Amino acid sequence: MLVVDTLTRRPRVSLWLLRAVLTVHLLLVLAQPVLAGLFLTGDVDAIGVHGAVGIGIASFEVVVIAVAACYVFGGHGRVWILPVTVLLPVAAGNQIHAGFTRELALHIPLGVAIVTTAVLLAVWVWTPSAGRPR
C-alpha cells in the first residue's frame, strides 16, 4: 500500500521565486564579462555600463537574500542557500571597490568566482534536489 505523507511541506512558490531571481541574477552576472570584453575591444562606453550593471547586481542581491530566506524558512528549503546568498553582496561590494580602484589583480579572479557561483546556483535551483524538503 502506498502511503502519501500529506504533512510534508515542500517549497513550491518560494522555489519558483528563487528560480526566477537566481536566473535573473545569472543573466546580469553573465553580462559583466561581455561588457568588459566590449570595453577591451574598443567600446569605451561599455565600461560605464559595466559599472552600472555591477552596482545593479549588488542591489538585486538584496532581493535574492530575501527570496532565499523565504525559501528556507517559509518553504522548508535547503538551509545552505541562505549563507551563500548572504555572501553574494559581500563579494559584489568587494568587486565594485576593486573595479573602481582598478585593482585588476583582485577584480578579475573575484569576477570569475562570482560568475562561477552564479552559474552553480542557477543550475542547482533547477534540479530536483532544490525541490526536496529538508
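Source: prediction; values computed, not measured.

Caption draft 1: A look at the side chain of His50. Looking at the secondary structure, you find His50 in helix 2 (residues 46-74). His50 has contacts with Gln32, Leu35, Ala36 and His107, leaving out every residue within four places of it along the chain.

Caption draft 2: Inspection of the packing of aromatic side chains at higher detail. Enumeration over the complete set of coordinates arrives at 3 aromatic pairs. Their ring planes at 80 degrees and their centres at 6.3 Å tell us that Tyr71 and Trp124 sit as a pair that is edge-to-face. A residue pair is termed long-range when its members are at least 10 positions apart, and Tyr71 in helix 2 and Trp124 in helix 4 (residues 104-125) qualify at 53 residues. Given a relative accessible area of 0%, Tyr71 falls into the buried group. Centroid distance Trp80 to Trp124: 4.7 Å. Interplanar angle 65 degrees. Geometry classified as edge-to-face.

Caption draft 3: Quick look at helix 2. With 29 residues, helix 2 extends 40 Å between its outermost C-alpha atoms, agreeing within 8% with the 42 Å of an ideal straight helix rising 1.5 Å per residue. Two residues or fewer past helix 2, His76 is found with a positive phi of approximately 60 degrees.

Definitions and cut-offs
In this numbering scheme, every chain counts its residues from 1 along its sequence in written order. Under the rules for a predicted model, residues below a pLDDT of 70 receive no local features and side-chain atom pairs below 80 are neither given nor counted, while totals for whole chains, interfaces and linings still include all residues. Excluded from the side-chain calculations are hydrogens and water; all other atoms, namely the structure's heavy atoms, are used. Here a helix means four or more residues in a row that DSSP labels H or I, a strand means two or more in a row labelled E, and each is numbered from the N terminus. Any two residues having at least one pair of non-hydrogen atoms within 4.5 Å are treated as being in contact. Two rings from Phe, Tyr or Trp (for Trp, the six-membered ring) form a pair when their centres sit within 6.5 Å of each other. Planes less than 30 degrees apart are called stacked, planes more than 60 degrees apart edge-to-face, and all others tilted. Classification of residues uses two cut-offs on accessible area relative to the type maximum, computed with a 1.4 Å probe and protein chains only: under 20% is buried, over 50% is exposed, and between them is partly exposed. Here a helix's expected span is defined as the number of its residues, less one, multiplied by 1.5 Å.

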